[in-house]
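Residue-level listing of the chains:
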Amino acid sequence: MPELSLVRRLEAVGFRAWPAASVHYDGSWAVRLTASHPSRRLNSVNPLDPADQRDFESRIARMEHRFASYNRPLVFRLSPLAPSTLAAHFDKEGWQRVAETRVLKADLKELDLDSGIDQLPGKDIGRFVDASISIRAEDPERKPGLTEVLESIRPPNGMFVMEDSTGPVACALCVRDNDMAGLFDIGVCQDCQGMGYGRSIVRTALRWARQQGAKTAWLQVESANKGANALYSRLGFEEVYSYVYRMKKSDRHG
């Protein structure tokens, strides 16, 4: 069982580093919604107190109404802070488990960052967003939403892009929240995977974070992403906890 105080801190810095456009609370449930971006992290209900076990059915019904008003499927994100009785309720009702994700951390003093490139982070959000979309071969219509998210980040952050003769090949966003450095939007273009760009971009971002005073690095990675998990393990990251999204079967592809 992970230390809940550390889970709470990582959840808090994660919310600040990847901010939703709208946040309100139903008891201890943090309800995050973002009309401009479809990611589950930005559009989910996040229970934050294991002791909050009251009145699930009526509260879920309220969440369904709110998410429908955003044209979003209802998604719950269950971390160790969620009550086990809520997970049992979803099991009973047949809700699907989607995209199990591991939260990893590492002591920056213990990581080998010497081979990382000393690179100043970029300040041009538009350029970073274009690189991110190109690297992932995503729909360019995603640009306004991702731009809005990046413009909303309040803690100090650095945007890193690596290029070769063909254009952007790797990117990473590093958000420093006091002594914590979170990595987001890490990507390597399909044709360049396995060539060391992922390791290089992560080391570059974390060298910057360490120079800015960060002590601990952390990130989130889907359990099914074997290549990324192997990379982070080799770098020295270890799992703190995991979370999973829960959705109704009818909403799985919504």
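First things first, this report covers the structure right here in the doc. (Residues numbered from 1 in each chain as written. Predicted model: local features only at pLDDT ≥ 70, side-chain atom pairs only at ≥ 80, totals over all residues. Heavy atoms only, no water.)

Our next topic: the pattern of salt bridges. Scanning the model with the defined rule gives 14 salt bridges in all. For Asp-26, the salt bridge is made with Arg-54, and the minimal N-O distance between the two is 4.0 Å. Of this pair, Asp-26 sits in strand E1 (residues 22-26) while Arg-54 is found in the loop between strand E3 (44-47) and helix H2 (56-69), placing the two residues 28 residues apart along the sequence. For the salt bridge of Arg-62 with Asp-26, the shortest nitrogen-to-oxygen distance reads 2.8 Å. Of this pair, Arg-62 sits in helix H2 while Asp-26 sits in strand E1; the two residues are 36 residues apart in sequence, bridging distant segments of the chain. For Asp-26, a relative accessible area of 9% puts it in the buried group. (Salt bridge = Lys/Arg side-chain N within 4 Å of Asp/Glu carboxyl O. Helix = DSSP H or I, 4+ residues; strand = E, 2+ residues; numbered from the N terminus. Buried < 20%, exposed > 50% of the residue type's maximum accessible area, 1.4 Å probe, protein only.)

Formed by 64 residues in total, the largest nonpolar core has its most connected members in Leu-150, Leu-173, Leu-206, Tyr-232 and Phe-237. The element best represented in this core is strand E7 (residues 167-177), accounting for 7 residues. Apart from the residues lying within four places of it in its own chain, the contact partners of Leu-206 are Leu-108, Leu-111, Leu-113, Leu-183, Ala-217 and Phe-237. (Core = buried A, V, L, I, M, F, W, Y, C linked by side-chain atoms within 4.5 Å. Contact = heavy atoms within 4.5 Å.)

Moving on, we come to the packing of aromatic side chains. Throughout the structure, instances matching the rule amount to 10 aromatic pairs. Between Trp-18 and Phe-184, the aromatic rings sit 5.7 Å apart at their centres with planes inclined by 5 degrees, giving stacked as the arrangement. Of this pair, Trp-18 sits in the loop between helix H1 (4-17) and E1 while Phe-184 sits in strand E8 (residues 180-188), and the two are 166 residues apart along the sequence. An angle of 70 degrees between the planes, with centres 6.0 Å apart, marks the rings of Tyr-232 and Phe-237 as edge-to-face. What makes Phe-237 buried here is its relative accessible area of 5%. A network of ring pairs unites the aromatic residues Trp-29, Phe-56, Phe-76, Phe-90 and Trp-95 as a single cluster. The lysine or arginine in question, Arg-59, covers the ring of Trp-29, its NZ or CZ lying 3.9 Å from the ring centre. (Phe/Tyr/Trp six-rings, centres within 6.5 Å; stacked < 30°, edge-to-face > 60°. Lys NZ or Arg CZ within 6 Å of the ring centre and 35° of its normal.)

It is at 12 Å that the axes of H2 and helix H3 (residues 84-93) come closest, and there the two elements cross at 75 degrees. The pairing of H2 with H3 is recorded here as roughly perpendicular in orientation. Together, Phe-56, Glu-57 and Ile-60 of H2 and Thr-85, Leu-86, His-89 and Phe-90 of H3 make up the contact between the two elements. Considered class by class, the residues forming the contact of H2 with H3 number 4 nonpolar, 2 polar and 1 charged. (Axes fitted to C-alpha atoms, helices over the stretch in contact; angles between N-to-C directions. Parallel < 35°, antiparallel > 145°, perpendicular 65-115°, else oblique. Nonpolar A, V, L, I, M, F, W, Y, C, P; charged D, E, K, R; others polar.)

On their own, these measurements won't tell you what the molecule is for.
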